[in-house]
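Each chain is listed here by its residues.
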Amino acid sequence: MSKISRRNFLIGTGIGVGVTAAGILAYKMMEVEPKSQAAKVVIIGGGAGGLIAAKYIRILDPTLEVTLIEQNLAYYTCFMSNELFNGERTVESLKFSYDGLEKYGINFVYNQAIDIDPIARKVVLQNGKQLAYDRLIVSPGIDFKWDSIEGYDEAVIGKIPHAWKAGSQSLILRQQLEDMEDGGTLIITVPKKPFRCPTAPYERASLIAEYFKRNKPNSNILIFDANTVFPQQDLFMEGWEKLYGIKTENSLIEWIPSNEAGNLVRVNAKEMAIYVGEFEDEQKAEVINVIPPQKAGKIAFKAGLADDSGWCPVNLKTFESSLQKYIHVIGDACIASPMPKAAHAANSQAKVCALAVVSALQGKEMPEPSYANTCYSLIGENFGVSFTAVYHLEEGKLQYVEGAGGFSPLDASAEQRKREVAYAHSWYKNITNEMFN
Amino acid sequence: MDYKTTRTLLLVSGLLFATTTWANEDNLPLMILNSCIVCHGFQGSSLGPATPSIAGIDKEDFVETMEAYKNDEIPSTIMGRIAKGYTHADFQVMAKYFSKQTFVRYPQQVNLDKAKQGAVLHKEFCEKCHKNNGYSFGDEGASILAGQWMPYLRFNLADIRANVREIPKKMKKRLDKMLKIHGEESLEALINFYGSLTERK
Ligand SMILES: Cc1cc2nc3c(=O)[nH]c(=O)nc-3n(C[C@H](O)[C@H](O)[C@H](O)COP(=O)(O)OP(=O)(O)OC[C@H]3O[C@@H](n4cnc5c(N)ncnc54)[C@H](O)[C@@H]3O)c2cc1C
């Protein structure tokens, strides 16, 4: 099966928003000679976790054969996608191709992994091909629990977008906001934790509020939340007070936690209504953004990598699955609390995992792992904040390194808030460069 | 700089990398660098627009800077919080790695007239310590300024003037003298000059 034909795929044409290569019986291979004896590492998912794992495994040990399976020809970052809504960014600026990674000698297979055989150690592709591995790394991101909210499923996402995977969904939401008349209401619903990027719903509300403030000042945003608190809450509240008049009569944003009937129960797309709380109060809006409850990406369930929580338990020193040997799970799909499901966290986990896989294949001891994460949130014009953390392993659990990390200070100067916006943009430039070049 | 140029530049900088071997753990202490390289670039050269490049930094000065961040002696938006997560020994490993990297200078949007004025001002007031037009690390750890990201220089100079960032008395004297003779605009002239420097002359 290492004998994969080298047909070149015409990626030069027609790669539009959300075009997937799955189902197309063609793929692109790197011009690398197959090494007969080389150990094989296969990676599923060319995102924030998978790409970093692939790249650093090749950097750490160029004798290893690394194959990356990705279902799309281009990647749209979710991170910074909220800047579509304040007009700071175009969707094109979120789009990246994998061409810049050619120099690392990673074999790219543009197809969908549909099954894993953990006994025979093979990945089955949608085109029928099979890929054998010595070690498999799974970084498929998230999937939605479509059956968990009555009235909300894939059939209605054209009308009520989730925009929780970037690309066409984000564009639909932006178009709806542009089309909305001044004085309209936007509803955002937030699922119970854990979900992908726990600060992003509030960042989204903030940047849409910025857009409303400039262009549709009589409009408002209601956030219905299945949680009672959220990360960086004090900082958001400070920003919302300063920028959007929260707690005043004309507030652009209102946040309704679950203990005040904020949790979503049912959706009626036809009526553009949602029903919230114990008594299923009806709430109507011109634009509705439902962020659905989430679980690990589909492929994780095929191989029995996920537990009842819907996420994948792992050994945090190596990210090897607690349920299947020789398979590692990183990124949003794995359970690595207190690390949030974020791109920087996935990146950091990928480096630990890369070192663990290389060490295992070389028969060496895994060095002491180290983990970190930073989440920038943009709250409005010249108003950025951050949370950062460094973690270490203690008795099999991730612990914050004491005294390190934490939030941007409350009531910081306007200058500091402004600098954090510039640094958030720098974070984005550098992390995407690390992923795609 | 438009999106396309950036992409081309990235490719070029990446190719430099392909010729280097890292297979040895000693060369690439990935765990200790894990987080730094997300924000500062794999080889210590940031793509901006504001986060500074730290490639080619002097070893000793690097460790001092990190210790100063850790002890909240240098104002920062985030480095103070990050530095507290690492030990002195970690800093030495980082210093060894970043000091060996080459500072890559990316084109920035500059006002060439201002840059020209800045070149003259630099010679007179700054060259003594920030040698070779600020391309090299000077004595007493005078930072590399040539090709550093302009917003970062702007932030630092603002902090220096507000007396919240400590610098050698002599530098402060020179800076004050320059501002007295040439006015506020002289600062932007210098920043544009450093931002305009790409390839080493
Ligand atoms: C609105 C929003 C804002 C965000 N902002 C930030 C932020 O500011 N900072 C931050 O750190 N994080 C942010 N995030 C979170 C970040 O996007 C994720 O945490 C990160 O992408 C997770 O990486 P991953 O590798 O687990 O998954 P992904 O990056 O989603 O990558 C998964 C890849 O796997 C592919 N794939 C999945 N299944 C298969 C299969 N069966 N076969 C082949 N390919 C497959 C997918 O196509 C995809 O390319 C944000 C998220 C959202 C939604």
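A few words on the domain arrangement of chain B. Residues and elements named next belong to chain B. Under the domain assignment used here, chain B contains domain 1 (3-40 + 57-99) and domain 2 (112-196). Counting residues at the interface gives 6 residues for domain 1 and 6 residues for domain 2. Approximately 480 Å² of surface area, both sides summed, lies buried where domain 1 meets domain 2, with 60% of it carried by carbon and sulfur atoms. Linking domain 1 with domain 2 are 0 salt bridges. In this assembly, domain 1 and domain 2 are joined by 0 residue pairs in polar contact (both at pLDDT 80 or more).

This part takes up the interface of chain B and chain A. Accessible area lost upon the coming together of the parts is a frequently used measure of interface size. Every contact between the two is made by 41 residues of chain B and, on the other side, 50 residues of chain A. Three residues, M31(B), V38(B) and R81(B), lead the burial of chain B against chain A; their summed loss comes to 19% of the area buried on that side. One can count 2 salt bridges joining chain B with chain A. Between R419(A) and D159(B) there is a salt bridge, with the nearest N and O atoms lying 3.0 Å from each other. Remark: the boundary between chain B and chain A carries 13 residue pairs in polar contact (both at pLDDT 80 or more). Contributing elements (two or more residues each) for the side of chain B that touches chain A: α1 (3-18), α2 (30-33), α3 (36-40), α5 (79-83) and α9 (150-161) of chain B.

The next point concerns the sheet that holds strand β8 (residues 130-132) of chain A. Residue and element names in this part refer to chain A. Ordered in space as β6-β7-β8, the 3 strands form an open sheet in which the pairing is antiparallel. Bordering the open sheet on either side are β6 (113-117) and β8, each of which pairs with just one other strand. Going across the sheet, the axis of each strand differs from the next one's by a mean of 20°, ignoring polarity. Of the pairings in the sheet, the one linking strand β7 (residues 122-125) to β8 comprises 3 bridges and is antiparallel in character.

This part is about the packing of helix α7 (residues 112-125) of chain B against helix α10 (residues 169-182) of chain B. All names here are of chain B. Two numbers describe how α7 lies on α10: the axes approach to 10 Å, and their chain directions differ by 135°. One element, α7, and the other, α10, form an angle in the oblique class. Crossing geometry of α7 relative to α10 is assigned as right-handed. Of α10, the residues touching α7 (which contributes L121, E124 and F125) are R174, K177, M178, I181 and H182. Grouping the constituent residues of the contact of α7 with α10 by class yields 4 nonpolar, 1 polar and 3 charged.

Criteria and cut-off values
Here the residue numbering is sequential within each chain, running from 1 through the sequence in written order. To read the labels, note that chains go from A and ligands from 1, taken in the order they are written. A pLDDT threshold of at least 70 governs which residues receive local features in this predicted model, and a stricter bar of 80 or more applies before side-chain atom pairs are shown or counted, although totals over entire chains, interfaces and linings include all residues. Derived side-chain values reflect all non-hydrogen atoms in the structure, with water molecules and hydrogen atoms excluded from consideration. Residue ranges assigned to the domains are those given by an automatic or database domain assignment. Contact definition: two residues touch when any of their heavy atoms are within 4.5 Å. Accessible surface is computed with a 1.4 Å probe, and the buried area is the amount of it that two parts give up when combined, taken over both parts together. Should a side-chain nitrogen of Lys or Arg be within 4 Å of a carboxyl oxygen of Asp or Glu, the pair is scored as a salt bridge. Two N or O atoms form a polar contact when they lie within 3.5 Å of each other; inside protein one atom must be a possible hydrogen donor and the other a possible acceptor, and for residues adjacent in sequence the pair counts only when both atoms belong to side chains. The helix and strand labels rest on DSSP assignments: H or I over at least four residues marks a helix, E over at least two residues marks a strand, and numbering proceeds from the N terminus. Pairs of strands are assigned from DSSP output, requiring at least two bridges between the strands. Whenever a helix is involved, its axis is fitted only over the stretch in contact; in every case the axis is a line through C-alpha atoms, and angles between N-to-C directions fall within 0 to 180 degrees. Each angle receives one of four descriptions, namely roughly parallel if under 35 degrees, roughly antiparallel if over 145, roughly perpendicular if within 65 to 115, and oblique otherwise. Here a crossing is taken to be left-handed if its near helix is turned anticlockwise relative to the far helix by less than a right angle, and right-handed if that turn runs clockwise. Gly falls in the polar group here, along with every residue not listed as nonpolar (Ala, Val, Leu, Ile, Met, Phe, Trp, Tyr, Cys, Pro) or charged (Asp, Glu, Lys, Arg).

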